[in-house]
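Survey of secondary and tertiary structure
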Amino acid sequence: MHDIVYDDDMKKLLIANWKSHKTQSEVTSWMDAFEEKYAKSLVSRVVDIVIAPSDVFLAKVADDLTEGIGLAAQNVSPFPMGKYTGATAAAQLASMGVTYAIVGHSERRRYFGEDNMQVANKVQQCVDVGITPIVCVDDEYVVSQAGAIDPELHSKCIVAYEALSAIGTGNNMNALHVEEVTKTIKDVFGSIPVLYGGSVTSSNVTEYTDTCDGWLVGTASLAVEDFWALATAIGNA
Ligand code: PGA
């Protein structure tokens with residue numbers, strides 16, 4: 001393995017979105033293997049790693065986390081705490097050490113009927129309690145998806161560009177196209193960090209290093225070996 005070149009200004013964000021995968025024992029094994037690798041490496045100098053487990057494992061992952069690794073929720077209620085059965089409010093997440101929440105993921109929009117207004121309310125709930133929302137947007141809808149969000153909150157967001165055709169398909173998006181969409185996102189949101197997500201692997205992750213401020217990774221975050229290969233590929237770029 002090559003040395004990792006350290007440059008604080010270039011620190012990227014790498015988010016492991018486990019989606020609705022992993023049982024409790026699988027979470028334990030992943031965390032144990034990951035912590036061992038992380039403790040021995042300099043990866044944290046070039047990349048901030050954030051783990052987004054299912055809500056039921058947030059407390060467990062929070063307990064196991066090494067300092068320096070962040071915790072994200074995959075979703076958040078559009079409402080504050082109160083009479084909303086089954087919902088997890090931003091304040092509850094914050095009380096468990098969650099500092100990021102993915103909002104408006106295309107799977108939430110597609111399978112759970114989440115619309116732009118709900119996403120906008122989720123962003124507001126996050127900001128109210130100091131959680132950074134990671135707002136997922138798709139190419140052609142960037143403007144309308146951003147349009148519902150209070151412009152005053154744009155600067156508090158991280159935006160993840162997730163092309164539908166690239167999510168979970170093995171067909172990662174062309175880096176030049178990602179560059180164009182990133183520019184559009186920054187035109188709309190201002191100079192906030194923009195992540196790329198969609199079939200990111202250790203083989204293609206560095207194609208986006210110059211354009212994006214980080215990555216939102218699903219499939220390649222599930223096996224700790226794949227995720228570690230990806231994280232170290234960034235470090236060695
Ligand atoms: P993928 O998922 O890495 O499996 O394409 C990315 C995402 O949906 O966040």
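One can find the structure itself at the top, above this paragraph.
Let us look at the structure shown here. Everything numeric here is computed off the predicted structure, so don't read it as measured data.

**A look at the site of the ligand**
Taken together, 13 residues surround the ligand, and among them Lys19, His105, Gly168, Ser199 and Thr219 come closest. Between an oxygen atom of the ligand and a side-chain N or O atom of histidine 105, the distance comes to 2.7 Å. Glutamate 162 is positioned with one of its side-chain polar atoms (N or O) 2.9 Å from an oxygen atom of the ligand. Burial of the ligand by the protein chains amounts to 99% of its free accessible area of 280 Å². Taken together, the residues of the shell around the ligand sort by class into four nonpolar, seven polar and two charged.

**Digging into the packing of helix H1 (residues 24-39) against helix H8 (residues 224-236)**
With their axes 10 Å apart at the nearest point, H1 and H8 run at an angle of 30° to one another. One finds that H1 runs roughly parallel with respect to H8. Helix-helix and strand crossings are classified by hand; for H1 and H8 the assignment is right-handed. Packed against H1, whose contacting residues are Trp30, Ala33, Phe34, Lys37 and Tyr38, the element H8 presents Val224, Phe227 and Trp228 at the interface. Considered class by class, the residues forming the contact of H1 with H8 number seven nonpolar, no polar and one charged.

Definitions and cut-offs
- Residues numbered from 1 in each chain as written.
- Predicted model: local features only at pLDDT ≥ 70, side-chain atom pairs only at ≥ 80, totals over all residues.
- Heavy atoms only, no water.
- Near = heavy atom within 4 Å.
- Polar contact = N/O pair within 3.5 Å; in protein donor to acceptor, adjacent residues only side chain to side chain.
- Areas by Shrake-Rupley, 256 points an atom, 1.4 Å probe, with all protein chains shown as cover.
- Nonpolar A, V, L, I, M, F, W, Y, C, P; charged D, E, K, R; others polar.
- Axes fitted to C-alpha atoms, helices over the stretch in contact; angles between N-to-C directions.
- Helix = DSSP H or I, 4+ residues; strand = E, 2+ residues; numbered from the N terminus.
- Parallel < 35°, antiparallel > 145°, perpendicular 65-115°, else oblique.
- Left-handed = near helix turned anticlockwise from the far one by under 90°.
- Contact = heavy atoms within 4.5 Å.

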